[in-house]
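Results of the structural survey
Residue strings, one per chain:
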Amino acid sequence: DYVKKLYQLLLGRSGGDEEVQNWTEMLDAGMSRRYILKAILDSEECTKYFQTYELPKGDVVLIENRDKSYNITSFVSRCYRYILEREADVSGLNTWSGKILSGAGGAEIVNDLVSSQEFLSKNKDNGEFVDLLYMAMLGRLADLQGKEDWTKKLDKGVSYQYIINGFSGSEEFKITCSRYGIVGGSIALTEARDKDENITGFVMRLYRSALNREADVPGLNNWCGQLINRTLTPANAACGFVFSDEAIKKNLNNDDFVEMLY
C-alpha cells in the first residue's frame, strides 16, 4: 500500500504489479520506507512529473546504515530469519549493517547473532544448529552426510564458533558472500576445546562415562588445555575423573565400576 501511494503521489500513476513487487521486496529485505521514497524521487520519470507542475522535486537524505547497501541489509535480514527466526528490528539492522560496512565479514555477523542471549535461550540441539547454519550461511538445506559430520563435531564438545569457522572457510560460503558484496571473514577461536577436536572428544567421553553427564564448558576447557599443553597425560586425566568426588559419590558396585572403565 505504501509503494502504491508513492506511485500516485510522485509519478501521478498506478504502479504496475512487477514494479510494486520489486519495491516491496526491498522493504521486506529491511530497507527503510525513506529509501524507497528517495529511489522513486530520484527517477527521471519523477523529475518530468514535477516539471509539469513547475516545481523542484527536492531531495531526501538517507541517514541509516541499513539504507547504504541493499545487499548488505539483505544479508543481515536473512541471518535474522534463519538464526533468530524473526524479522530484524531496525536497531539490529543498523548495527549489523554498520559492522559490515566497517569491514566485518559475514561469519562475524552470524557469530554475533548465535552468541546472543536471544538465540542461546532457544536451546537448539546440535542437529538443529547445523540445519540453521546451512540455511543462514549457505542458503540451502543440509545434505545428509554434511549434517552428520558437523553434528558429530558438536557432539564431541567443540563450540558453535568452531563450526561457524568451518562453514566460513568453505568455497560455498565465499560464493554466497560474494553475491552480497561482502567478505566471508572468520572467527578467532580462543577456547581450548576448539584447539583439537579429538582431544575434546576424549575429554567429553570421560565426562559421559565417568560422571554420566555432559561437560560444563569451563571444565571441558580446563581438561583440554592441560592435555594440549601436556601438563597432564590421558591416563592422569582418566584417573582424575574416575576418582573424583563426583564419581565416588555415585557409589558404583564392582560390576558397574568395571563397566564404566570399559
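One structure accompanies this document, and this report is about it. Keep in mind that this is a model prediction, so the values were computed, not measured. (Residues numbered from 1 in each chain as written. Predicted model: local features only at pLDDT ≥ 70, side-chain atom pairs only at ≥ 80, totals over all residues. Heavy atoms only, no water.)

The next point concerns the packing of helix H10 (residues 144-156) against helix H11 (residues 160-168). Where H10 contacts H11, the two axes come as close as 9 Å, and the packing angle between them is 150 degrees. Comparing their axes, H11 and H10 come out roughly antiparallel. Classified by chirality, the crossing of H11 by H10 is right-handed. Contacts from Trp-150, Lys-153 and Leu-154 in H10 reach Tyr-160, Tyr-162, Ile-163, Gly-166 and Phe-167 in H11. In terms of residue class, the contact of H10 with H11 is made up of six nonpolar, one polar and one charged. (Axes fitted to C-alpha atoms, helices over the stretch in contact; angles between N-to-C directions. Helix = DSSP H or I, 4+ residues; strand = E, 2+ residues; numbered from the N terminus. Parallel < 35°, antiparallel > 145°, perpendicular 65-115°, else oblique. Left-handed = near helix turned anticlockwise from the far one by under 90°. Contact = heavy atoms within 4.5 Å. Nonpolar A, V, L, I, M, F, W, Y, C, P; charged D, E, K, R; others polar.)

What follows covers helix H14 (residues 217-228). Quick reminder: α-helices carry 3.6 residues per turn. Residues three or four places apart thus point the same way. Relative to the 16 Å expected for twelve residues at 1.5 Å per residue, H14 spans 16 Å between its end C-alpha atoms, a close match to the ideal helical length. Every buried residue belonging to H14 is among Gly-219, Leu-220, Asn-221, Trp-223, Cys-224, Gly-225 and Leu-227, and all of these are buried. (Expected span 1.5 Å × (residues − 1). Buried < 20%, exposed > 50% of the residue type's maximum accessible area, 1.4 Å probe, protein only.)

It is worth spelling out the pattern of salt bridges at this point. Across all of its chains, the model carries 22 salt bridges by this definition. Salt-bridge contacts for Glu-118 lead to Arg-86; the nearest nitrogen and oxygen are separated by 2.7 Å. Of this pair, Glu-118 sits in helix H8 (residues 117-120) while Arg-86 is found in the loop between helix H5 (70-84) and helix H6 (90-101), placing the two residues 32 residues apart along the sequence. Classification of Glu-118 by relative accessible area gives partly exposed; the value is 32%. What you see here is one network of salt bridges that share partners, running through Arg-13, Glu-19 and Glu-45. (Salt bridge = Lys/Arg side-chain N within 4 Å of Asp/Glu carboxyl O.)

Remember, this is a structural readout, not a statement about activity or role.
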